[in-house]
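The primary structure of each chain is shown beneath.
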Amino acid sequence: MRAVTWQGKRDVRVENVPDPTIQEPTDAIIRITSSGLCGSDLHLYEVLTPFMTPGDILGHEPMGIVEEVGAAVPDLQVGDRVVVPFQIACGNCWMCLTGLPTQCETTQVTGEGMGAALFGYTRLYGAVPGAQAEYLRVPQAQYGPIKVPEGPPDDRFVYLSDVLPTAWQAVAYADVPQGGSIAVLGLGPIGDMACRVAQVKGAGRVFGIDLVPERLARAKARGVETFDLRSFDDEKELVAAIRDETDGRGPDAVIDAVGTEAHGSAVARLVQNTAALLPRKLSGPMSERFSVDRLAALYTAIDLVRRGGTISLSGVYGGMADPMPMLTLFDKQVQMRMGQANVRRWSDDIIPYLTDEDPLGVDDFATHRVPLSEAPHAYEMFQRKQDGAVKVLMQP
């Protein structure tokens, strides 16, 4: 089959690889009909290269048609149309039963000290072959795949794999009171969708912050009060402007949908780039220990949120050396929640919104649809924020 493979920093290629096969009774084989390109994939494209191996198959936002099922997968049949969550979980362990499939005790990558295995996302998460391919082996298929109806186009459902539950959890963790205010830092796919979820869940005012014109325009068109970072001399001016809109307090909650690739830390960027050039035995530990994070967005969130408010982190962070302003967090009595989205915890809540009325705007959420063969161009375009690229879907 054809698949998108990682070969090095900013080097992805579409290559012929062996077709996946059933390996365990709980496996299924899915023929991919659509697969998303995620902002998290860009971390692999540039920032997290020390944890990658040439030939790794990328991608974790698929949907498609069931082609084959293992003997221990009773609820799937050949021909079923399904969306596959990005995490791999059993559904039966203590963590899964308490609503935390991202911490699944069956698939935890204990050798790396990490949570549940993920599709197409580094050795830290199991080095499981990903979904930007023609076919996908789905472990733990007795729990993971979400059946969806025939009829509507893939765009209606494909975001159940990641974008929708990630945005939904970000808003749930933000705990915005009815009619309250929320600011979203970063209007890429997750931030954009988080704004939409906050609106339908009853937030009174939604502020969106970015510096990419096309992203700001998309959010503004849906009623988000947008702030262009380029209009402010520094972060303090931005914070003051939003406080002026919230009686001087700041918003009730802030979602950081940016993560480790935020603008603002030249030193951290240098460390990231240096680590990517080192031998693998050195680059991984360096990336883990020495400031691979650029925390500009998180620092802004801490400054911006009102006292007693909540910060919800959905952007991916990968290091542990940058200092946290603990005195400020303690003094402001800020609550913080974070983590990979627990897809199956939220999917049943989201599906009623995926109707012909389309309150979340999923039907036209993608800005680009490309064949799998154009994946290298799609990665470059998305990474460089060219041609208005906000969300890219690939079709094998």
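Thresholds applied
Sequence order sets the numbering: in each chain, residues are counted from 1 along the sequence as written. Confidence filtering applies because this is a predicted model: local features only for residues at pLDDT of at least 70, side-chain atom pairs given and counted only at 80 or more, and all residues used for totals across whole chains, interfaces and linings. In computing side-chain properties, one takes all heavy atoms of the structure into account and sets aside hydrogens as well as water. Cysteine sulfur pairs qualify as disulfides if the two atoms are within 2.5 Å. Throughout, exposure labels follow a simple rule: accessible area from a 1.4 Å probe, protein chains only, divided by the maximum for the residue type, with under 20% read as buried, over 50% as exposed, and the rest as partly exposed. The way it works is that DSSP assigns letters per residue, a run of H or I at least four long becomes a helix, a run of E at least two long becomes a strand, and they are numbered from the N terminus. In this scheme, strands are said to pair when DSSP sees at least two bridges between them. With the strands pointing away from the viewer, any crossover whose connection runs clockwise from the first strand over the helix to the second is right-handed. Any two residues having at least one pair of non-hydrogen atoms within 4.5 Å are treated as being in contact. A helix is expected to span 1.5 Å for every residue after the first.

Undergrad: Give a detailed account of the state of the cysteines, specifying residues and quantitative values.
TA: Scanning the entire structure with this criterion turns up 0 disulfides. We note that Cys90 lacks a disulfide partner, and the nearest cysteine sulfur, in Cys104, lies 3.7 Å from it. Residue Cys90 is classed as buried on the basis of its relative accessible area of 6%.

Undergrad: Before we move on, could you go through the pairing of strand β14 (residues 368-371) and cite the residues and values that matter?
TA: The two faces of β14 differ: His368 and Val370 on one face are buried, but Arg369 and Pro371 on the other face are not. As paired elements, β14 and strand β15 (residues 392-395) share 4 bridges and run parallel to each other. Among the inter-strand pairings, Pro371 is bridged to a residue of β15, identified as Gln395. For the crossover that starts at β14, traverses helix α12 (residues 375-383) and ends in the parallel β15, the hand is right-handed.

Undergrad: Quick one: what's the story with the environment of Phe382, residue by residue and with numbers?
TA: Counting through the fold element by element, Phe382 comes out in helix α12. Here Phe382 falls in the buried class, since its relative accessible area comes to 1%. Along the backbone, Phe382 and Gly39 are 343 residues apart, and their C-alpha atoms lie at a distance of 8.3 Å. Ignoring sequence-local partners within four residues, the contact set of Phe382 consists of Leu37, Cys38, Gly39, Leu42, Pro189, Arg215, Ala389 and Val390.

Undergrad: Quick one: what's the story with helix α4 (residues 189-200), residue by residue and with numbers?
TA: Compared with an ideal rise of 1.5 Å per residue, which puts 12 residues at 16 Å, α4 spans 17 Å between its outermost C-alpha atoms and is within 8% of the ideal. Burial runs high along α4: 10 of the 12 residues are buried. Within α4, burial applies to Pro189, Ile190, Gly191, Asp192, Met193, Ala194, Cys195, Arg196, Val197 and Ala198. Where α4 is buried, its residues meet α3 (163-174), β8 (181-185), β9 (205-210), α5 (213-221), β11 (253-256) and α12. Looking one or two residues past α4, Gly202 carries a phi angle of roughly 105°, positive in sign.

Fair warning: the whole summary comes from geometry, so function is off the table for now.
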